[in-house]
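Examining the three-dimensional arrangement
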Amino acid sequence: MTKSPYFPQPAVASNVAITTEAIDITTLFANAQHATAGGIVLFSGTVRNHHAGMAVAYLEYEAFEPLALKQMQLIVNEACSKWSLSHAHCTHRIGKLAIGDSAIVVITAHAHRSQAYEANQYIMDRVKAEVPIWKNEFFTDGSSAWGNNTPPINSK
Amino acid sequence: MIDIQVFAGLKDYFPATFNMEQVKSVADLKSCLEQQQPHSANLLSLSRFAVNEHFVSLEHPLNNHDKVAILPPASGG
């Protein structure tokens, strides 16, 4: 039986990456175009200038790369199977990031938008909780703090 | 000899990489580190352990030349 090109098949090869370079959002978005995809969601997590009432100067991210990549791939693969995505991608940047830089990009493409949104949030939530990557926040007063070490109250 | 690598906030208590001998399991390693640096106990108890790039439980035995990574709660994204 020939598979219909109009029926969304789970993505064969999912893409994950960890990079020290600026994330090329335009190219990643172009790569997500797929004939079966009626909706493409691109989320970019960007460095903001404040945390828990303190002014942030810049961030540094570090990763345990071999295991981080494995875990990212596992999460993206599970999202692809769960929602039969046409395309899924996750890139995390590490090293020193300035205010406004994109730290993470997650892209999900599906025939319909609601699944693309759901799958995107699923990937983001699991990456934040499970992938061995850490944020060190450097504040304008010269202090610094590792994320999640001492969870601030009302951190959202 | 066991190779150990720690990340993020654990580097406030331990060098980023170091070696240990005569630790028989991950639980054994964890309690040795807690004794060396009592203030690290809370963060160690929240951390996950990986041996040779696989997540493992505390019961996991350690053998010569194993590479252990100690991973505090993730804060990426």
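Structure: above.
Rules used throughout
Residues numbered from 1 in each chain as written. Chains lettered and ligands numbered in written order. Predicted model: local features only at pLDDT ≥ 70, side-chain atom pairs only at ≥ 80, totals over all residues. Heavy atoms only, no water. Helix = DSSP H or I, 4+ residues; strand = E, 2+ residues; numbered from the N terminus. Buried < 20%, exposed > 50% of the residue type's maximum accessible area, 1.4 Å probe, protein only. Contact = heavy atoms within 4.5 Å. Areas by Shrake-Rupley, 256 points an atom, 1.4 Å probe, with all protein chains shown as cover. Core = buried A, V, L, I, M, F, W, Y, C linked by side-chain atoms within 4.5 Å. Salt bridge = Lys/Arg side-chain N within 4 Å of Asp/Glu carboxyl O. Axes fitted to C-alpha atoms, helices over the stretch in contact; angles between N-to-C directions. Parallel < 35°, antiparallel > 145°, perpendicular 65-115°, else oblique. Left-handed = near helix turned anticlockwise from the far one by under 90°. Nonpolar A, V, L, I, M, F, W, Y, C, P; charged D, E, K, R; others polar.

A count of helical and extended segments in chain A gives three helices and nine strands. Going from N to C terminus, chain A has its helices and strands arranged as β-α-β-β-β-α-β-β-β-α-β-β. Taken over 156 residues, chain A has a buried fraction of 45%. Restricting the contact set of chain A to residue pairs at least 6 apart, pairs at least 24 apart contribute 77%. Working note: accessible area of chain A is about 8200 Å², and carbon and sulfur atoms make up 53% of it.

So, on to unusual backbone geometry. Residues and elements named next belong to chain B. Phi at Gln22 takes a positive value of approximately 60 degrees, unusual for a residue other than glycine. Note that Gln22 resides in the loop between β2 (17-20) and α1 (26-36). The phi dihedral of Glu53 is positive, around 70 degrees, even though this residue is not glycine. Mapped onto the fold, Glu53 is located in the loop between β3 (48-51) and β4 (54-56).

Glancing now at the nonpolar core. Within the largest apolar cluster, 30 residues are counted, with the highest numbers of intra-cluster contacts made by A:Cys90, A:Ile123 and A:Ile133. At the level of elements, β1 (15-19), β4 (54-63), α2 (65-83), β5 (87-93), β7 (102-110), α3 (113-130) and β8 (133-139) of chain A are the ones that each hand at least two residues to this core. Ranked by the residues each element gives to this core, the list is headed by α2(A), at seven residues. For A:Ile133, the residues in contact, after removing those within four places along its chain, are A:Ile18, A:Tyr61, A:Glu62, A:Ala63, A:Ala68, A:His92, A:Ile94, B:Ala74, B:Ser75 and B:Gly76. Residues B:Leu10, B:Val23, B:Leu29 and B:Ile70 belong to the second largest nonpolar core, which totals 19 residues.

Here we take up the pattern of salt bridges. What the rule picks out here adds up to six salt bridges over all chains. A:Arg93 is paired through a salt bridge with A:Asp101; the nearest N and O atoms lie 3.5 Å apart. Between B:Glu34 and B:Lys30 there is a salt bridge; the shortest N-O distance is 3.3 Å. Residue B:Glu34 and its partner B:Lys30 are both found in helix α1; the two are separated by four residues, about one turn of the helix. Ionic contacts of the salt-bridge type, sharing partners, join the residues A:Glu78, A:Arg126 and A:Glu130 into one network.

The next subject is the packing of α2(A) against α3(A). Two numbers describe a pair of packed helices, the interaxial angle and the distance between the axes. Residue and element names in this part refer to chain A. Their axes nearest at 10 Å, the elements α2 and α3 cross at an angle of 155 degrees. On the basis of their axis angle, the class for α2 and α3 is roughly antiparallel. Crossing geometry of α2 relative to α3 is assigned as right-handed. Within the contact between the two elements, α2 uses Gln71, Leu74, Ile75, Val76, Glu78, Ala79, Lys82 and Trp83 and α3 uses Gln115, Glu118, Ala119, Tyr122, Ile123, Arg126, Val127 and Glu130. Split into classes, the residues belonging to the contact of α2 with α3 amount to nine nonpolar, two polar and five charged.

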